[in-house]
Amino acid sequence: MGTFLFNVLAIFTLVTAAGVVVNRNAVNASMCLLLSLVGVAGLFVGLQAYLLAFLLLLVYAGAIVALFLFIVMLLDTKGDARPTLHKLPIAARVLAVGLVGLGVVSFVAQGKLPEPAIGTAPAVGASLKLYAYQLFTTYLLPVQILGFLLLIAMLGVIVLSKRFDGLEDIK
Amino acid sequence: MIAPTLNAYLAVAVLLFAIGLIGVLIRRNTLVVFMCLELMLVASTLALVAFSRYNGTMDGNVFVFFILTVAAAEVAVGLAIIVALFRKRQTIQLDQLNTLKN
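First, a word on what this report is: a plain description of the structure on this page.

What counts, and where the lines are drawn
- Residues numbered from 1 in each chain as written.
- Chains lettered and ligands numbered in written order.
- Predicted model: local features only at pLDDT ≥ 70, side-chain atom pairs only at ≥ 80, totals over all residues.
- Heavy atoms only, no water.
- Helix = DSSP H or I, 4+ residues; strand = E, 2+ residues; numbered from the N terminus.
- Buried < 20%, exposed > 50% of the residue type's maximum accessible area, 1.4 Å probe, protein only.
- Contact = heavy atoms within 4.5 Å.
- Areas by Shrake-Rupley, 256 points an atom, 1.4 Å probe, with all protein chains shown as cover.
- Patch = residues over 30% accessible without salt bridge, like charges linked within 9 Å, V, L, I, M, F, W, Y side chains within 5 Å.
- Salt bridge = Lys/Arg side-chain N within 4 Å of Asp/Glu carboxyl O.
- Buried area = accessible area lost by both parts, 1.4 Å probe.
- Polar contact = N/O pair within 3.5 Å; in protein donor to acceptor, adjacent residues only side chain to side chain.
- Phe/Tyr/Trp six-rings, centres within 6.5 Å; stacked < 30°, edge-to-face > 60°.
- Axes fitted to C-alpha atoms, helices over the stretch in contact; angles between N-to-C directions.
- Parallel < 35°, antiparallel > 145°, perpendicular 65-115°, else oblique.
- Nonpolar A, V, L, I, M, F, W, Y, C, P; charged D, E, K, R; others polar.
- Core = buried A, V, L, I, M, F, W, Y, C linked by side-chain atoms within 4.5 Å.

### Observations regarding the overall build of chain A
Helix and strand counts for chain A come out as 6 helices and 0 strands. Evaluated residue by residue, chain A yields a buried proportion of 31% over its 171 residues. Considering only contacts in chain A between residues 6 or more positions apart, those separated by 24 or more positions represent 57%. With an accessible surface of roughly 10,700 Å², chain A has 74% of that area assigned to carbon and sulfur atoms.

In structure tokens, the structure reads:
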């Protein structure tokens, strides 16, 4: 991928991600999240990980953002209300954001890794066959555990969304 | 055609992670905090895919595969918890959910 396309996608991703943080309206924030995920999927295509880009769009943009939108509509909260200002939490937030900013600046300004040449490394992420091979040999046990995890998550969601009065009900 | 460097991809991933972290720190709406958490997860997957591509290994890509699955389960359970919380307390603003304070 050319540097120009990379720059466009990177700036698009970061600007829309900032939109998630600054938007007062939760619906607009989730729309910005969707755009940011599309940008990241574009970066994945630039890294020749086509399957992962497709899965990111399908799982994140298709399922997760839709779920977020559904819950935002369901709860219907009226944006962020103006908070009552306490000095200590405000100072803590400013300090935390400053520290995060300092970390980012020091990484971007001074972070230097030994640069592997992209021409020499094969684009293994582009081949669907390699994914299948890895998932069914080296990572067979994690795949099965993930299946159980999804089952447990489904059962947990069903239990959580059942209406019950206090802890006595589940005994 | 000049390919962007590994450092460039990592810088984007770090910035995306920092934006997500700042969102988690300063927002009070639980749903938006959760969205910012998702941004942080996506930033870490971007770093993994970049490392995988530049070193010619498969492990990072497969790991991203697993992260996507876990994120789907996490979002389902987290949103169910938020809905249950809203039914109990009628609010999802973080500064009003302070039962454990003091």
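### Section: a nonpolar patch on the surface
Residues and elements named next belong to chain A. A grouping of Phe148, Leu151, Ile152, Met154, Leu155 and Ile158 is seen on the molecular surface, where their side chains present a nonpolar patch of about 610 Å² in accessible area. Of note, leucine 155 is situated in helix 6 (residues 140-161). For leucine 155, a relative accessible area of 47% corresponds to the partly exposed category.

### Some points on the interface of chain B and chain A
In this assembly, 71 residues from chain B lie in contact with 79 residues from chain A. For the pairing of chain B and chain A, the buried interface totals around 6,900 Å² over both sides, and the portion due to carbon and sulfur atoms is 78%. The interface formed by chain B and chain A contains 0 salt bridges. Scanning the region where chain B abuts chain A turns up 7 residue pairs in polar contact (both at pLDDT 80 or more). Here the side of chain B that touches chain A gets 23 residues from one element, more than from any other, and that element is helix 3 (residues 59-89) of chain B.

### Remarks on the packing of aromatic side chains
The tally for this structure, following the rule as stated, stands at 5 aromatic pairs over all chains. Residues Tyr131(A) and Phe65(B) carry aromatic rings whose centres are separated by 6.5 Å and whose planes lie at 35° to one another, so their mutual orientation is tilted. Of this pair, Tyr131(A) sits in helix 5 (residues 128-136) while Phe65(B) sits in helix 3, placing the two residues on different chains. Through a chain of ring-to-ring contacts, the aromatic side chains of Phe6(A), Tyr9(B) and Tyr54(B) assemble into a single cluster.

### Structural notes on the packing of helix 6 of chain A against helix 3 of chain B
Between helix 6 of chain A and helix 3 of chain B, whose axes approach to 10 Å, the crossing angle comes to 10°. Here helix 6 of chain A is positioned roughly parallel relative to helix 3 of chain B, judged by the angle of their axes. Side by side, helix 6 of chain A and helix 3 of chain B meet where Pro142(A), Val143(A), Leu146(A), Leu149(A), Leu150(A), Ala153(A), Val157(A), Leu160(A) and Ser161(A) of the first sit next to Phe66(B), Thr69(B), Val70(B), Ala73(B), Ala76(B), Val77(B), Ala80(B), Ile81(B), Ala84(B) and Arg87(B) of the second. Here the residues of the contact of helix 6 of chain A with helix 3 of chain B sort into 16 nonpolar, 2 polar and 1 charged.

### Looking at the nonpolar core
Val20(A), Leu33(A), Phe44(A), Tyr60(A), Phe68(A), Leu31(B) and Leu79(B) are the most contacted members of the largest nonpolar core, which has 66 residues in total. Elements supplying a minimum of two residues to this core: helix 1 (3-22), helix 2 (26-46), helix 3 (50-75) and helix 5 of chain A together with helix 1 (6-26), helix 2 (30-55) and helix 3 of chain B. Element by element, the count of residues in this core is highest for helix 2 of chain B, at 13 residues. Not counting the four nearest positions on each side in its chain, Leu31(B) is found in contact with Phe68(A), Ile71(A), Val72(A), Leu75(A), Leu79(B), Ile82(B) and Ile92(B).

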